[in-house]
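Commentary on secondary and tertiary structure
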Amino acid sequence: MKKILDILSEEMGKAFEAAGYDASLGRVTVSNRPDLCEYQCNGAMAGAKQYHKAPFMIANEVAAQLEGNKAFKEVAAVAPGFLNLKLSEDYLLSIVKEMKSAEKFGLEAPEKVKTIVIDYGGPNVAKPLHVGHLRAAVIGEAVKRMERYAGHKVIGDVHLGDWGLQMGLVITELHERQPELCYFDENYEGEYPVEPPFTLAQLEEMYPTASGKSKVDEEYKAKALAATVQLQTGRRGYRALWKHIMNISVEDLKKNYANLDVDFDLWLGESDAQPYIPGMVEKMKQDGFAHISEGALVVDVAREDDKKEIPPCMILKSDGAAMYDTTDLATILQRSHDYNPDSIIYVVDKRQELHFEQVFRCALKTGLVAPETELKFLGFGTMNGKDGKPFKTRDGGVMRLSSLIAQIQDEMRDKIATNEAISAEEAEATAKMVALAALKYGDLSNQASKDYVFDVEKFISFEGDTGPYILYTIVRIKSILAKYAAQGGDLNAVELMAAQAGAEKQLQMQLAQFNTMMQNAAEETAPHKVCAYIYDLANAFNHFYHETKILGEENETRKQGLIALLILTRDILETCIDVLGFKAPERM
Ligand code: ARG
């Protein structure tokens, strides 16, 4: 289905043409003076130079062409030459009706269906998830759902950090504690036990202990580094321990992400890209891209027109070890091999921007991907506390994601528990749902690249630009619809009607923006645009609700028309929040 501004521009273009002017002048935009009109066209102003004519004259001629036009109820040529437009209610109705019956409410399939890999989440195995990982998960999930809704083939990959020093640290710590385990016996040739030698709780304690020790104890640190290298070069017992760490940790990560309603198609990690490294490095050398610099193997990626210095991409350290750059390059090769994607989007902390700039340049330069492949870095800002500094626990430590979620849920439960009509179980489930909406909307409503302040009181408020306000609006609609049905009304038999009042028309116009908004948001990978839209839509609905008798309406046909409008509003709001990654309860 065409976008409303395109439809109106076409009508306007025809009028320009009929008056003897170029049709392209008929570009219609949303009014920047909503007190005067709904839409406007500034084409007469632009045409004045081209046709050597006063803009007001052009505007008048065009306005005359639009007399009796089905789309516009009012076309006013105003000095110095603007066209102020008001839409016909019947025409608006035809648009909203078409939208209601169209697939995806009129959002057209993309011209080219792209295969997109989204790299998000990025948790590190054996380390607990902290709030820094929240944004990657929340934004990445929304982007994944948005692109999928827009019609692309999307693959979400968690890209585990599972090959680094943290593994060597845990192994070293375990060795200190239980040196008698068969994993440490180099002469051991039997099968390794199926049961892990530690629990999740022990694992969660071991990593920070080991990390703390390695910072003050050089010898300990050297051991951990050595253990990491031995793991990476294939020492049997360490590989077996690594598997145990992975199993325990990944199971826990899956639970955590499920709690956030975040769902990955692939649970691959840095380790899975390792097999691609030797061949990749060999080819980079053969093709003359990689060379030795200060002992290390590097690929130059600087360009003459660079404004700042872009250091070379590090392929292998002087001791032959692979680096973060290497692993990301090999992962690109792996994805290229597995999916041949048109686009790879990385949802990662924006402080990693330089790393990705180097990696992308290197991948394109060395031909790991086709030159037309889009490699996109969607860097997000820091989540700050109310003091404007990176979010911390009360005692200044790194806040665990699970504690943060628990905190929001507790506050939400307290708020909801005051509603006595709801059972304890329902209150619990609702508290979870609303808390998640508060958390995700609080994040997503900000442009991803900006830092934002994590303000629990604000996020959980039922008023203002918040997730709970959106849910509250949906629940309000659902409760009216439930009452209508309880009074014997048939929700499937209602038909939309032309708006009879301003607030109603505003609501319909806002609904008609849906396909335009969704296409933009997906093209720009910008979940905050979906948030801004539903906030406006919720406001338009609540305004309409306060001005309009709905269930009390005496004219049955009109009442049905209003109910149909409620249904469409609910469906659009629920579609949008689903894309953002949360849900609304039936009541709250
Ligand atoms: N594990 C990394 C971290 O915690 C994030 C990974 C981001 N993705 C990537 N392909 N490098 O910082």
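Figured I'd write up the structure that's included with this text. (Residues numbered from 1 in each chain as written. Predicted model: local features only at pLDDT ≥ 70, side-chain atom pairs only at ≥ 80, totals over all residues. Heavy atoms only, no water.)

Here we take up the environment of Tyr188. Tracing the backbone through its elements, the reader meets Tyr188 in the loop between helix 6 (165-177) and helix 7 (200-216). For Tyr188, a relative accessible area of 26% translates into the label partly exposed. Beyond its immediate sequence surroundings of up to four residues, Tyr188 is in contact with Cys182 and Arg236. Within the structure, the side chain of Tyr188 is placed 2.5 Å from the backbone oxygen of Glu191, a separation counted as a polar contact. (Helix = DSSP H or I, 4+ residues; strand = E, 2+ residues; numbered from the N terminus. Buried < 20%, exposed > 50% of the residue type's maximum accessible area, 1.4 Å probe, protein only. Contact = heavy atoms within 4.5 Å. Polar contact = N/O pair within 3.5 Å; in protein donor to acceptor, adjacent residues only side chain to side chain.)

Before going further, it helps to spend a moment on the sheet that holds strand 6 (residues 153-157). Taken together, the 4 strands give an open sheet; going across it, the order is 6-5-10-11, and neighbouring strands pair in parallel fashion. Of all the strands in the sheet, just strand 6 and strand 11 (374-380) have a single pairing partner and so form its edges. Going across the sheet, the axis of each strand differs from the next one's by a mean of 20°, ignoring polarity. Pairing of strand 5 (residues 115-119) with strand 10 (residues 343-349), which is carried by 4 bridges, proceeds in the parallel orientation. If you follow Asp119 over to strand 10, its bridge partner there is Tyr346. Relative to strand 10, helix 12 (residues 324-339) is tilted by about 145°, and along the sheet it contacts strand 5, strand 6 and strand 10. (Pairing = 2+ DSSP bridges. Axes fitted to C-alpha atoms, helices over the stretch in contact; angles between N-to-C directions.)

Membership of the largest hydrophobic core comes to 163 residues, with the highest contact counts inside it found for Met12, Leu83, Leu404, Phe454, Phe514 and Ile572. Looking at this core element by element, the count peaks at 13 residues for helix 21 (residues 556-580). When near neighbours in sequence (up to four residues on either side) are disregarded, Phe454 contacts Met383, Asn384, Lys386, Phe391, Leu404, Ile408, Leu439 and Phe459. If you look at the next biggest cluster of nonpolar residues, it comprises 31 residues, including Leu266, Val301, Ile332 and Val369. (Core = buried A, V, L, I, M, F, W, Y, C linked by side-chain atoms within 4.5 Å.)

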